[in-house]
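Report on the structure
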Amino acid sequence: MKNSIAPYQLGFSATHQEGEFDGLPVQGTIPQWLRGSLIRTGPGTLEVGKQSYHHWFDGLAMLRKFSFENGKVSFANRFLESQAYQEAKAKGKISRGEFGTTARHSLWERLSDPLPRLTDNATVNITMQGDRVASVTESPFPIVFDPETLRTIEQFSYHDRVPGQITTAHPHYDFKEDALYSYLTNLVPTCSYSLYRMNLHSNQRELVGSIPVKRPAYMHTFAMTEHYIVLVEFPLLLNRLSLMLSGKPYIENYEWKPEQGTRFLVISKDEGKVVHAAKSEAFFGFHHVNAFEQEDEIVVDLIAYSNSSVIQSLYLETLLHHPMQAIGAGELRRYHVSLNQSIAEYEVLTSEPLELPRINYQRCNTHSYQFAYGVGNSRPGNFIDQLVKVDVQNKTTEIWRSLDCYPGEPVFVAAPNATLEDEGVVLSVVLNAQKENSFLLVLDAQSWRELARVQLSYHLTFDFHGQYFDPTASTQHLHR
Ligand code: CO
């Protein structure tokens, strides 16, 4: 069968401009109360010189910012000047290995550099590190930047020695403790997951607990409830020897072992000990949605895939030339992890495929909640082509879709003094493939009606995650 070219291909090509623009054209009306900035990160290019990165997750990071004031919107975008970026620019070729791309091709390169240098190409998410704003990825090297100008400042340095080489770009915030929780995976035997907490005004991680593990799993996120951290260990397990010697890209050194099932490790935040472990049938996932305690069980909502083939499906070769095989979204499942049962069971919360999920985080994280927002897919072969609002209690959905448009992660922003969970707006950067540009979509989260489109004159490469910063908030929390 002849390969078809993906209709959304422009979203995987480089953003050619960097700049700052005031007073962007707005169709519709931006709420006057929206006064802050949406800052996002994702690849700005998937090529260096004549070389191409292989996977969507690999491209060199570009920051993007939409700022709102008095109904007006300004925009800025700028490459993140990580070491990986600077080396690539200087050499004109890919310098650091990424998730799905190796930089060590010959046997000589592998023998002379047996442990690949970790990339600092922070292309996945925006987080607070101490008091500073940083772009982050799954290596523990946050890149601090100036949220006003988007200029790169420096690599964030931790004043501690928590062991581990791999982390998650999705830390959790405990608003009661004013602290961030996250983990590092230590790939040096005996391997372990190092759970840590870090006060919001500190650069010192405190080790909460160390969980030994024979073969570390690839996990993109984790769940947190009021008293527990939940690591959902998918059976995509590291082959250490392969990582050192194979010369394969990072993620290809993990092996899918479905016979092992998926493991739910419930760890107390107080003592850092595993208080319960449960198993389910094998499945894979990137993103948790929310988790909370309910009587004697823990409810874990996440986006699931029956296996890890979604990773292969997000290589550019598949995305661009075999769009029917690309998987843009998974299944929203609710796992029930009972503290006195060894099997975790699930129910499906919606038949609509979902990814890049968000909630009203500040209000609902670690609590029972009603609404999740995400991207979705209306038909096979069209990647991510709709936004979905899910009422997880009533199992109903609302859809936003527009011809030839491809939306990104919907970020919920609560209205000031909101009483309802969904009182606010949802912001999403959308590619218009027909007009060959991107626009910022503003939806009323409650009615799911379109409030405004803010037009850019060029397109932005598809990105992953971002955060909204509210300058009027009493503390500079992320509305993660
Ligand atoms: Co993510």
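Check the entry above for the structure.
Attention here is on the structure that accompanies the text.

Criteria and cut-off values
- Residues numbered from 1 in each chain as written.
- Predicted model: local features only at pLDDT ≥ 70, side-chain atom pairs only at ≥ 80, totals over all residues.
- Heavy atoms only, no water.
- Pairing = 2+ DSSP bridges.
- Helix = DSSP H or I, 4+ residues; strand = E, 2+ residues; numbered from the N terminus.
- Axes fitted to C-alpha atoms, helices over the stretch in contact; angles between N-to-C directions.
- Core = buried A, V, L, I, M, F, W, Y, C linked by side-chain atoms within 4.5 Å.
- Buried < 20%, exposed > 50% of the residue type's maximum accessible area, 1.4 Å probe, protein only.
- Contact = heavy atoms within 4.5 Å.
- Donors = N, O, S within 2.8 Å, 3.2 Å for Na, K, Ca; no water.
- Salt bridge = Lys/Arg side-chain N within 4 Å of Asp/Glu carboxyl O.

**Regarding the sheet that holds strand 29 (residues 386–391)**
Sheet architecture is open: four strands sit in the order 27-28-29-30, paired in antiparallel fashion. The open sheet terminates on both sides in strands that have one partner only, identified here as strand 27 (355–358) and strand 30 (396–400). Neighbour-to-neighbour, the strand axes of this sheet turn through a mean angle of 20 degrees, independent of strand direction. Relative to strand 29, strand 28 (residues 371–376) runs antiparallel, the two being bridged by six bridges. Bridging across to strand 29, Gly 374 finds its partner in Val 388.

**Regarding the nonpolar core**
Core analysis: the largest hydrophobic core is formed by 125 residues, its most contacted members being Phe 12, Phe 264 and Val 300. For this core, the element with the highest residue contribution is strand 24 (residues 297–304), accounting for six residues. If near-sequence neighbours (up to four positions away) are discounted, Phe 12 is found in contact with Leu 46, Trp 56, Leu 316, Leu 319, Leu 320, Phe 383, Thr 461 and Phe 462. Counting 21 residues, the second-largest nonpolar core is a separate cluster that includes Leu 24, Phe 66, Val 429 and Tyr 468.

**Let's talk about the environment of Ser 309**
Position of Ser 309 relative to the elements: it lies in helix 4 (residues 309–313). The sequence separation of Ser 309 and Gly 49 amounts to 260 residues, and the corresponding C-alpha distance is 30 Å.

**Observations concerning the coordination of the cobalt ion**
Looking at the cobalt ion, the protein donor atoms are His 170 (NE2), His 220 (NE2), His 287 (NE2) and His 465 (NE2), and they sit 2.0 to 2.1 Å from it. As a motif over one chain, the donors of the cobalt ion read H-x49-H-x66-H-x177-H. One end of the pair, His 170, is in the loop between strand 12 (166–167) and strand 13 (172–174); the other, His 220, is in the loop between strand 16 (206–212) and strand 17 (223–224), and 50 residues separate them in sequence. When sorted by exposure, His 170 lands in the same class as His 220, which is buried.

**A short note on the pattern of salt bridges**
Counted under the stated rule, the structure contains 20 salt bridges. Residue Arg 40 is joined to Asp 463 by a salt bridge in which the shortest nitrogen-to-oxygen separation is 2.8 Å. With a gap of 423 residues between them, Arg 40 in strand 3 (residues 36–45) and Asp 463 in the loop between strand 35 (450–455) and strand 36 (465–469) connect regions that are remote in the sequence. Look at Asp 463 and you get buried, because its relative accessible area is 8%. Members of the salt-bridge network, linked through shared partners, are Arg 40, Arg 64, Arg 358, Glu 409 and Asp 463.

**Focus: the sheet that holds strand 10 (residues 143–145)**
Taken in spatial order, the four strands line up as 8-9-10-11 in an open sheet, and their pairing is antiparallel. The open sheet has two edge strands, strand 8 (125–129) and strand 11 (152–155), and neither has a second partner. Strand-to-strand twist across the sheet, computed as the mean angle between neighbouring axes with direction ignored, equals 40 degrees. Inspection of the sheet shows strand 10 paired to strand 11 by three bridges, in the antiparallel sense. Paired with Ile 143 across the bridge in strand 11 is Gln 155.

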